[in-house]
Amino acid sequence: MRSDGKCPFWLKFVAFGGIFFLHFPIIVIAAYAFNTEESAFSFPLQGFTLKWFAAAFARQDILDAITLSLKVASITTAAAIVLGTMAAAALYRRSFFGKETITLIFILPIALPGIITGIALLSAFRMAGWDLNFWTIVAGHTTFCVVVVYNNVIARFRRTSQNLIEASMDLGADGMQTFFHIILPNIATALLAGGVLAFALSFDEIIVTTFTAGPERTLPIWLLNQLTRPRDVPITNVVALVVMMATLIPILCAYYMTRGKESIEGSGK
Amino acid sequence: MTTPVKSHIALRRNISSFLYRRSTVYLLLLLLPPLLWFGIVYLGSLLALLVQSGYTFDDFSMTVLPVFTWKNYQNLLLAANFDIVLRTFAMATAVSLFCACLGFPIAYYMVRYAGGWQRGFFYIAVLLPMWASYIVKVYSWTVILAKGGIAYWFINQAGLGHALESLLALPFIGGNTLSTSHLGRLLVFSYVWLPFMILPIQSSIERINPNLLTASADLGARPGQTFRTILLPLAMPGVVAGSIFTFCLTFGDYIIPTLVGPSGFFIGTMVYTQQGAIGNMPMAAAFTVVPIVVIGLYLTFAKRMGAFDAL
Amino acid sequence: MRAVQSLDPGLHRHHGRPLNVEMVVAVELNTVSRFYGEVRALDHISATIGEGEFFSMLGPSGSGKTTCLRLIAGFEQPTTGSILIHGKDATGVPPYERDVNTVFQDYALFPHMTNLENIEYGLKVKGVAKTERKQRAQEALAMVALPDLGKRKPWQLSGGQRQRIALARALVNRPRVLLLDEPLGALDLKLREQMQVELKALQRKLGITFIYVTHDQGEALSMSDRVAVFNAGRLEQIDTPQNLYMRPSTVFVANFVGTSNVVEGRPALDISGQPHSFSIRPEHISFVQGPPTPETIHISGRLVDIQYYGAHSRYEVEIAGSLLFSVQLASESSAQDILPRVGDEVMIGWSRRAMVHLGDL
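Positions within a chain are numbered from 1, following the residues in the order the chain's sequence is written. Going through the entries in the order they are written, you letter the chains from A and number the ligands from 1. Whole-chain, interface and lining totals are the exception, using all residues; otherwise, since this is a predicted model, local features are given only for residues with pLDDT of at least 70 and side-chain atom pairs are given and counted only at 80 or more. With hydrogens and water set aside, each side-chain value is computed from the structure's full complement of heavy atoms.

K.L.:
What exactly am I supposed to notice about the interface of chain B and chain A here?
P.N.:
The interface of chain B with chain A comprises 90 residues on the first partner and 88 residues on the second. Interface area for chain B against chain A, summed over the two sides, is near 8100 Å², with a carbon-plus-sulfur share of 81%. When a carboxyl oxygen of Asp or Glu lies within 4 Å of a side-chain nitrogen of Lys or Arg, that pair is called a salt bridge. Scanning the region where chain B abuts chain A turns up zero salt bridges. Throughout this description, a polar contact denotes any pair of N or O atoms lying within 3.5 Å of each other; where both atoms belong to protein, one of them has to be capable of donating a hydrogen while the other can accept it, and for residues adjacent in sequence the pair is counted only when both atoms sit in side chains. Taken together, the connections running from chain B to chain A amount to 11 residue pairs in polar contact (both at pLDDT 80 or more). Helix and strand definitions here come from DSSP, where helices need a minimum of 4 consecutive H or I residues and strands a minimum of 2 consecutive E residues; each element is numbered from the N-terminal end. Here the side of chain B that touches chain A gets 19 residues from one element, more than from any other, and that element is helix α2 (residues 23-52) of chain B. Here, two residues are considered to be in contact whenever any of their heavy atoms come within 4.5 Å of each other. By buried area we mean how much accessible surface two parts lose on assembly, using a 1.4 Å probe and totalling the loss over both.

K.L.:
Is there a simple way to think about the interface of chain C and chain B in this case?
P.N.:
As a measure of interface size, the accessible area lost when the parts come together is often cited. Every contact between the two is made by 11 residues of chain C and, on the other side, five residues of chain B. Of the roughly 570 Å² buried between chain C and chain B on both sides combined, carbon and sulfur atoms contribute 42%. On the chain C side of the contact with chain B, G92, Y96 and E97 of chain C bury the most area, a combined 63% of that side's loss. Basically, the charged four are Asp, Glu, Lys and Arg, the nonpolar ten are Ala, Val, Leu, Ile, Met, Phe, Trp, Tyr, Cys and Pro, and anything else, Gly included, counts as polar. Of the residues that constitute the side of chain C that touches chain B, the class distribution is six nonpolar, three polar and two charged.

K.L.:
Which parts of the structure should I look at to understand the pairing of strand β4 (residues 80-85) of chain C?
P.N.:
Two faces, one strand: in a regular strand the side chains alternate between the faces of the sheet. Residues and elements named next belong to chain C. Inspection of the sheet shows strand β1 (residues 25-36) paired to β4 by five bridges, in the antiparallel sense. Pairing of V27 across the sheet is with I85, part of β4. Strands were regarded as paired on the criterion that DSSP finds at least two bridges between them. Where β4 meets strand β5 (residues 88-89), two bridges bridge the pair, whose relative direction is antiparallel. Directly across from I85, in β5, lies its bridge partner K88. Linking β4 back to β5 in an antiparallel pair, the connection comprises two residues, with H86 at a positive phi of about 50°.

K.L.:
Looking at this structure, I do not really get the side chain of E205 of chain A. What am I missing?
P.N.:
Among the secondary structure elements, E205 of chain A is positioned in the loop between α8 (175-204) and α9 (207-212). Partly exposed residues are those whose accessible area sits between 20% and 50% of the maximum for their type, while under 20% is buried and over 50% is exposed, using a 1.4 Å probe and protein chains only. Positive: Lys, Arg. Negative: Asp, Glu. His and the chain ends are not part of the count. The side chain of E205 of chain A is buried and forms no salt bridge, while K137 of chain B, the nearest opposite charge, is found at 13 Å. Beyond its immediate chain neighbours, meaning those up to four positions away, E205 of chain A contacts H141, F144 and P220 of chain A.

K.L.:
Help me out: how do you make sense of the domain arrangement of chain B in this one?
P.N.:
Domain limits in this description derive from either an automatic procedure or a database domain assignment. Entries for chain B in the domain assignment read domain 1 (2-52) and domain 2 (71-310). Each of domain 1 of chain B and domain 2 of chain B has a C-alpha centre, and these two points are 41 Å apart.

K.L.:
When you look at the packing of aromatic side chains in this model, what are you seeing that I'm missing?
P.N.:
For any two aromatic rings, the description comes down to two numbers: the centre-to-centre distance and the angle of the planes. Stacked, edge-to-face and tilted are the three classes for Phe, Tyr and Trp ring pairs, Trp counted by its six-membered ring, which pair at centre distances within 6.5 Å; planes under 30 degrees apart are stacked, over 60 edge-to-face, the rest tilted. Overall, the coordinates contain 44 aromatic pairs over all chains when judged by the stated rule. An angle of 80° between the planes, with centres 4.9 Å apart, marks the rings of F106 of chain A and F38 of chain B as edge-to-face. Of this pair, F106 of chain A sits in helix α4 (residues 99-111) while F38 of chain B sits in helix α2, each in a different chain. Each of the two residues, F106 of chain A as well as F38 of chain B, counts as buried. With centroids separated by 5.9 Å and ring planes inclined at 35°, the aromatic side chains of Y109 of chain B and Y113 of chain B adopt a geometry described as tilted. For Y109 of chain B, a relative accessible area of 2% translates into the label buried. Three or more aromatic residues joined by ring pairs form one cluster here, namely F16 of chain A together with Y108, Y109, Y113, W117, F121 and F122 of chain B.

K.L.:
How do you make sense of the environment of F252 of chain C when you look at a structure like this?
P.N.:
When you line up the elements, F252 of chain C lands in helix α10 (residues 251-256). In this structure, the C-alpha to C-alpha distance between F252 of chain C and L358 of chain C, residues 106 residues apart in sequence, is 9.7 Å.

K.L.:
What is the right way to read the pairing of strand β3 (residues 54-58) of chain C from this model?
P.N.:
Residues and elements named next belong to chain C. Along β3, five of the five residues are buried, which leaves the element largely enclosed by surrounding structure. In the sheet, β3 pairs with strand β8 (residues 209-214) via five bridges, with the strands oriented parallel. Bridging across to β8, F55 finds its partner in I211.

K.L.:
Mind showing me how you'd approach α2 of chain B here?
P.N.:
An α-helical turn contains 3.6 residues, so any two residues separated by three or four positions project in the same direction. One fewer than the residue count of a helix, multiplied by 1.5 Å, yields its expected span. Look at α2 of chain B: 40 Å from first C-alpha to last across 30 residues, which is about the 44 Å you get at 1.5 Å a residue. Values of bend correspond, residue by residue, to the angle between axes fitted over the seven residues ending at that residue and the seven starting there. The largest bend in α2 of chain B is about 40°, located at L32 of chain B, with the proline P33 of chain B one to four residues further on. Looking only at α2 of chain B, the buried set comprises L27, L30, L31, P34, F38, Y42, S45, L46, A48, L49 and Q52 of chain B. On the buried face of α2 of chain B, the contacting elements are α3 (60-91), α4, α5 (114-128) and α6 (134-159) of chain A together with α14 (281-304) of chain B.

K.L.:
What is the right way to read the environment of M257 of chain A from this model?
P.N.:
Residues and elements named next belong to chain A. Of note, M257 is situated in helix α11 (residues 233-268). The sequence separation of M257 and A89 amounts to 168 residues, and the corresponding C-alpha distance is 21 Å. Ignoring sequence-local partners within four residues, the contact set of M257 consists of T189, L192, A193 and V196.

K.L.:
Just to check I follow, could you spell out unusual backbone geometry for this structure?
P.N.:
Generally, phi is negative for residues other than glycine and the peptide bonds are trans, each holding for most cases. Residues and elements named next belong to chain C. Its identity is not glycine, yet A108 carries a phi of approximately 50°, on the positive side. With respect to the element layout, A108 can be found in the loop between β6 (100-103) and α4 (115-125). By relative accessible area, which is 3% here, A108 ends up buried. Non-glycine residue A145 carries a positive phi angle of around 65°. Within the fold, A145 resides in the loop between α5 (130-143) and α6 (159-171).

K.L.:
In this structure, what is going on with the pattern of salt bridges? I would like to understand it.
P.N.:
When their charged atoms lie close together, side chains carrying opposite charge are able to pair. Per the counting criterion, the structure on display carries 18 salt bridges over all chains. Linked by salt bridges that have partners in common, E166 of chain A together with R34, R70 and E76 of chain C make up one network.

K.L.:
What is the right way to read the sheet that holds strand β2 (residues 39-50) of chain C from this model?
P.N.:
Two pairing modes exist for strands in a sheet, parallel and antiparallel, and in both the strands are linked by backbone hydrogen bonds. Residues and elements named next belong to chain C. In spatial order, the strands read β2-β1-β4-β5; together these four strands make up an open sheet with antiparallel pairing. Only two strands of the sheet have a single neighbouring strand rather than two, namely β2 and β5. Across eight bridges, the pairing between β1 and β2 is antiparallel. Across the sheet, residue V25 finds its bridge partner in β2, namely G50. Each axis is a line fitted through C-alpha atoms, and for a helix only the stretch in contact is used; angles between axes span 0 to 180 degrees, taken between their N-to-C directions. Against the sheet, helix α3 (residues 65-73) contacts β1, β2 and β4, and its axis sits at roughly 120° relative to β1.

Right under this line is the structure:
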């Protein structure tokens, strides 16, 4: 509903001001990572340097945290893609008793505060007598990442004509051939986008992780520890920038992947 | 003739045909792994948590006994604990209001005036901060609000240092410094959840037929009247949908109350402390029931308002 | 049977002869029903479709014709009853094991494949060697007169071209039965008429069974050897186009196929003197004068409207203040000045032989 009327100045000011507000902290983090000063958060900035990057990447604890986060996010993404796609494939077309409930259960882990999911999983792990380790982190992350993949894939399933699947079977392809030749290529970008979002979500996750992690420290946990006991401020700034980039770049990719797909489908109609 | 390859294909065909004929089996096979995960691991955990909220915590031995008691829930009503609930509730409400006031004009501009390049720009510009690392965003605010940091520098440059002092001296809003004040905490909460408010409002405004606004103006309504009588009621489901996020996310958060604002527990920090430092899992579990109930009520209210269609 | 047909396919069509006793059966439906919960999409349908026949399923939307096609294709299973394809029970046989291919209403071309890859797909999943399937796909493209468009993607084609690709994709598998689900529905009128001619020619050339679903009675009448008329999940009538038009067996068929004056109940007895509902085509009625003969019926009424259609004109005559009869006359007779004007009292008449009795009162 575009308007041809002229936009009042105050509205334009609020809109662009709001966008600036949303991006200001991101800019600040990017700027401070290159600041020469060592001690505190003082402003204005003192000068430009790259030495904190070198210092950060020389720290074994940071490298360990990055590796751990990457590993967790990768395995979580894989599990979320498998579970989310299966759920979407089962639920997109048929309606049956209990379907709404099942959908609600998938959404619950992101609808409820992370602290509840985290503490619930923790208490269950304790009751089951499991030690907290790498796999309990992955279990926690997968629980709330499935829905991201599920949402993306089920939306694509709904847009993909059911006729394509029927046409494939009609032409002689069995279920497995139809899946690999027809379904997979059609949902590929949705899978990728969902996977990328799941990866970013897992890489950045902190609340559930604080409950489900044992002695392991993911990158966000490392950051949180730094914030509660401030040390090595410049290195913290660098790590913050790295985490920011690790979440932003995948999101941008996911956005362009799903958008590009839609415009292609649109031109086909 | 039956080479291994051939029999492999025959097997695949047989499986496919079996699943085709038994479509319920096929459906079950697809649903089983996710359902096992969610039904057992996740729902089981939530149930375990609920059960634990009825366990007894022995203050002397600092151990949990599997003996049922209502005591944890009674403790919630103690003045100290109830204060925590009220404090969290007040903050969640304030954050939702603030986000709605700031988010509405931005969403309105996006729909009504952002055309061409601005359209994609605004969409990404709202989406990016929403998905950017939560912990880094909060960290960034601690940097901005710190004494001697950016915020103070700009305020002093503008000669508003004294104004800030007197603002921070006010009760309920203030605190020692920006980063330890309620105001600072409200700002950070609102910042973090603002995109979650903008997007649902935007999609609900998008669904309003622009002719309605023209018709209202044509019938003699001034812009303010059109806003109050046409735009706001029609966009309300979007506002409520957005507030589901701002309210619920604030209600369950525990990182921001730890890092920004004055001392004094939030529900989230209380749960974390009870569970971690004290080891009183039953009390922590009882505390988590509060957000579950409040959020449940809130979602029911939102559904009545038609907010789920705006999601 | 097939040999006779390819020698003179026209014979079949023009005389509308029902299929002979010795016909080879392609598809047989035995009291087939399909229910969706309470909804009876298809209610005890029985039909036999001959090998090499152009068989149409005609009916308004929701009448069950598409459901019937989907049951034959194997996309759905009948709730009760059985379907035999070339004599074999198809119950529980998935679509990929049926010697039947479908042309879909929205074409259902795979968007991520080129047109050639679309056509090759059926051969590929059946394990036909690459060189052979390339050659056969190219032949199929040539058959639908689009030899140069194989490298493009479906969305780069026009609606008519996509329709041809969909046809080629089905035919390249050399099915013995081709199912077509409103294949021309999305095309504009000129293109649709052209494709009707081509489809019919193609069917004659290949000699395979076409089962053609449409809601367009003109399309069904002009192309088919036989037509099955569906209404509300039931079969109203299966017959040649000529018989369907001239001898409709139910009120619904009389109304749905062409335009007809259907008279039911008490007025039918009053007009014809016989206890039957009947229908009479507008072109079989004319303006008359004088008393009727034993072979004709005359009734008087008032002319309330005249519609001019170019080649013919249609006159609406009101009988006894309630019944409305349509009368159709070729336009050259409009030059004659004996023709009445709106508001005139007129008498219309028809031969009893032109009346179709539709059922006892």
